Amino acid sequence: MKNIVVLGGGISGYGSAILAKKKGFGVFLSDSGRIADRYRARLEEWQVPYEEGGHTLERILAAAEVIKSPGIPETAPVVRAVREAGIPIVSEIEFAGRYLDGARTICITGSNGKTTTTSLVYKILRDAGYNAALGGNIGESFAYSVATGRYDWYVLELSSFQLDGMYRFRADIAILTNITPDHLDRYGHCFQNYVDAKMRIVRNQHSRCAFIYSADDPVIAAELPKYDLRMRELPFAAKQAVASGAGDAFLCDGRFTAAVGCASVEVDTAKMRIGGLHNAYNAMAAALAALAAGVRPVQVRKSLYAFAPVEHRLEPVGEYGGVEWINDSKATNVDSVWYALESMKRPLVWIAGGTDKGNDYGPLKEFAREKVHTLVCMGFDNEKLLGEFTGVVPRIVSASSFGEAMEAARRAARPGDTVLLSPACASFDLFENYEQRGRMFRQWVKDRAADGAGAEPDAVRTVPERDRVRENDIGDGADAARRLPGDCTDAEMSVKNDA
């Protein structure tokens, strides 16, 4: 019996372990930290042996194959030991893809927009009556869905970390929303390494597959000639007209037409519940994917009009005292924030900051100069943001805790303003993840924003490093927030990632 070891006990890890168990492999799961109770309960239900709080190398190196959770970097000592031993390492996506039993996949990646696009595609398919599952970097573990259900379609959001471990897996319909610098710390601070990871979405595609991509993205345009693309190409664009024999989508004057073969749908973006150019791109990609999957055009349009905003992505939280509050906690890179700022119509109090990933803030400065009257920098080390936006934004407030940042934003906001949480950074300095950051923002707004909303802002101040004290009411995330990103346990890092 072939022995498989799963590294990481988060959502990706427990799903992979259960699928391996169901397929008759000898399985052992190892996590260097504490496995969450809900995942531990499922492992015990399926009688999967596991360890937590450390790695037993002797047992791990006895494996014929290792399934690595996406949050665990190649530089982790246990991964290096497995590589040195010559043991193959694959991702959950690669492993689960071996057992699809005729089911088809729609796989979505990109630096920005992939969660919204994935959610759009899934909604359209489900509304059309398709037997579809949602997974990858959103929803349930892909491997767990394969182990416990039987679906005709899998709609998968894939991060670059998940794509790194794919070799023979093939996306029947692949979507690449865009490629902009992100997670360069994970890719040796080399943008091309990150680009190469994203382009793995087209790996193994053949003439019966479809590849949907932004024709407006210069990085994608530069990469396409390097690949032997035998699939149907379905580009979408808003800045330049596109034409493909297999199909395409183009936005003009607030409307787009998406066509695949003989099927086409016209969509008025003003009738969609999600606004902004970025969401027009997402909708075009989703429409092309749905048409390629055989959904009727009338259903595609109906579902696009009914789709509500994704949690933590330009999510309206409420309006108090004439001040609008928007949760865009999922905006963990510069490009995502660019689209957020682009879509704003009111004067802004912008909350940004966190764990910088080697960001170049240059592309944000034009919008910041035009729309932002107060920037609230939220994080342990705000020096880079302060340096980049001094002289660009009239007022800058430096806050070393969540509560301090929120109070500063409330004081700065005036009736008619929008307070936008759009960090451009990872969340690990003060929070467990971007979801916790977004939930705390949403709860704070509902509990406290009405008190004193629209008051005159206090004098601008920069908090000296020696006086920066963490907020005491962060709650369950406080202990996790004391660790650097590289110190996160396997389980924490494998739950969700923003790549």
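I will try to describe carefully the structure that is included in this document. Counting restarts for each chain, with residues numbered from 1 along the sequence as it is written. Side-chain atom pairs in this predicted model are given and counted only at pLDDT of 80 or more, local residue features only at pLDDT of at least 70, and totals for whole chains, interfaces and linings cover all residues. Side-chain measures were taken over the full set of non-hydrogen atoms in the model, leaving aside hydrogen atoms and water.

1. With respect to the overall build of the protein chain
Summing up its helical and strand segments, the protein chain has 19 helices and 20 strands in all. A burial count over the protein chain gives 60% of its 499 residues as buried. Whether two residues are in contact is decided by their heavy atoms, any of which lying within 4.5 Å being enough. In the protein chain, the share of contacts with a sequence separation of at least 24, taken over all contacts with a separation of at least 6, comes to 69%. Helix and strand definitions follow DSSP, with helices as H or I runs of at least four residues and strands as E runs of at least two, each counted in order from the N terminus. Only protein chains enter the calculation, and the probe is 1.4 Å; a residue is then buried if its accessible area is under 20% of its type maximum, exposed if over 50%, and partly exposed in between.

2. Some remarks on the packing of aromatic side chains
Only centres within 6.5 Å qualify two rings of Phe, Tyr or Trp (six-membered ring in Trp) as a pair; their planes then separate them into stacked at under 30 degrees, edge-to-face at over 60, and tilted for everything else. Counting across every chain of the model gives 18 aromatic pairs. The interplanar angle of 50° and the centroid separation of 6.1 Å between the aromatic rings of Trp325 and Phe441 together place this pair among those described as tilted. One end of the pair, Trp325, is in strand E16 (residues 323–327); the other, Phe441, is in helix H17 (residues 434–448), and 116 residues separate them in sequence. Here Trp325 and Phe441 have matching classes, each one buried. Centroid distance Trp350 to Phe389: 5.4 Å. Interplanar angle 90°. Geometry classified as edge-to-face. Of this pair, Trp350 sits in strand E17 (residues 348–352) while Phe389 sits in helix H15 (residues 383–389), placing them 39 residues apart in sequence. Residue Trp350 shares its accessibility class with Phe389, and that shared class is buried. Chaining the aromatic ring pairs together yields one cluster made of Phe236, Tyr281, Trp338, Tyr339 and Phe367. Sitting over a ring, as applied to charges here, requires NZ of Lys or CZ of Arg to be within 6 Å of the ring centre and within 35 degrees of the ring normal. For the cation-ring pair, Arg42 lies above Tyr144, with the distance from its terminal atom to the ring centre recorded as 4.6 Å.

3. Points about the packing of helix H16 (residues 402–412) against H17
With their axes 11 Å apart at the nearest point, H16 and H17 run at an angle of 50° to one another. Here H16 is positioned oblique relative to H17, judged by the angle of their axes. As for the relative orientation of H16 and H17, their crossing is right-handed in sense. From H16, Phe402, Met406, Glu407 and Arg410 reach across to H17, where they touch Met440, Phe441, Trp444, Val445 and Arg448. Only C-alpha atoms enter the line fits that serve as axes; for helices the fit covers just the stretch in contact. Angles between N-to-C directions range over 0 to 180 degrees. Note on angle classes: values under 35 degrees are labelled roughly parallel, values over 145 roughly antiparallel, values of 65 to 115 roughly perpendicular, and the remainder oblique. A clockwise turn of the near helix away from the far one marks a right-handed crossing, whereas an anticlockwise turn of less than a right angle marks a left-handed crossing.

4. Quick notes on the sheet that holds strand E13 (residues 255–260)
A pair of strands is considered paired only if DSSP assigns at least 2 bridges between the two. Here nine strands make up an open sheet; going across it, the order is E7-E8-E6-E9-E10-E11-E12-E13-E14 and the pairing mixed. Each edge of the sheet is formed by a strand with only one pairing partner; in this case those strands are strand E7 (132–136) and strand E14 (263–268). Going from strand to strand, the sheet's axes swing by 10° on average, the running direction of each strand aside. Its contacts with the sheet put helix H11 (residues 277–292) on strand E6 (104–109), strand E9 (173–176), strand E10 (210–214), strand E11 (232–237), strand E12 (247–252), E13 and E14, and the angle it makes with E13 is roughly 25°. With respect to the sheet, helix H12 (residues 297–306) is in contact with E13 and E14, its orientation differing from that of E14 by roughly 25°.

5. Notes on H11
Spanning 16 residues, H11 covers 23 Å between terminal C-alpha atoms, matching the ideal 22 Å at 1.5 Å per step. Across the 16 residues that make up H11, a large majority, 15, are buried. A positive phi of about 95° marks Gly294, the residue just after H11. One less than the number of residues in a helix, times 1.5 Å, gives the span that helix is expected to have.

6. A look at the sheet that holds strand E5 (residues 89–90)
With parallel pairing, five strands are arranged side by side in an open sheet as E3-E2-E1-E4-E5. Pairing within the sheet leaves two strands with one partner each, and these edge strands are strand E3 (50–52) and E5. In the sheet, strand E1 (residues 3–7) pairs with strand E2 (residues 26–31) via five bridges, with the strands oriented parallel. Of the residues in E2, the one forming a bridge with Asn3 is Gly26.

7. Quick notes on the nonpolar core
Definition of nonpolar core: a set of buried residues of the types Ala, Val, Leu, Ile, Met, Phe, Trp, Tyr and Cys, connected through side-chain atoms within 4.5 Å. Counting 56 residues, the largest nonpolar core has Phe142, Ile201 and Phe211 as its most contacted members. For this core, the element with the most residues is helix H1 (residues 11–22), which contributes six residues. Residue contacts for Phe211: discarding those within four places in its chain leaves Ala174, Leu176, Ile201, Val202, Gln205, Leu224, Met231, Arg232, Glu233 and Leu234. In terms of nonpolar packing, the next biggest core, distinct from the first, is built from 46 residues, Leu120, Tyr130, Ala249 and Val260 among them.

8. Thoughts on unusual backbone geometry
The phi torsion at Asn204 lies on the positive side, around 70°, for a residue other than glycine. Residue placement: Asn204 occurs in the loop between helix H9 (191–199) and E10. The partly exposed category is assigned to Asn204, whose relative accessible area is 36%. Its identity is not glycine, yet His312 carries a phi of approximately 75°, on the positive side. Its place among the elements puts His312 in the loop between H12 and strand E15 (315–320). Overall, the relative accessible area of 2% leaves His312 in the buried class.

9. Some words on the pairing of strand E8 (residues 153–157)
Of all five residues in E8, five are buried, a share of seventy percent or more. The two faces of E8 match: Trp153, Val155 and Glu157 on one face and Tyr154 and Leu156 on the other face are all buried. Two strands pair when backbone bridges link them, and E6 and E8 are joined in this way by five bridges, in the parallel orientation. Across the sheet, residue Arg104 finds its bridge partner in E8, namely Trp153. Judged from the five bridges that link them, E7 and E8 form a sheet pairing that is parallel. Bridge pairing links Gly136 to Glu157 in E8.

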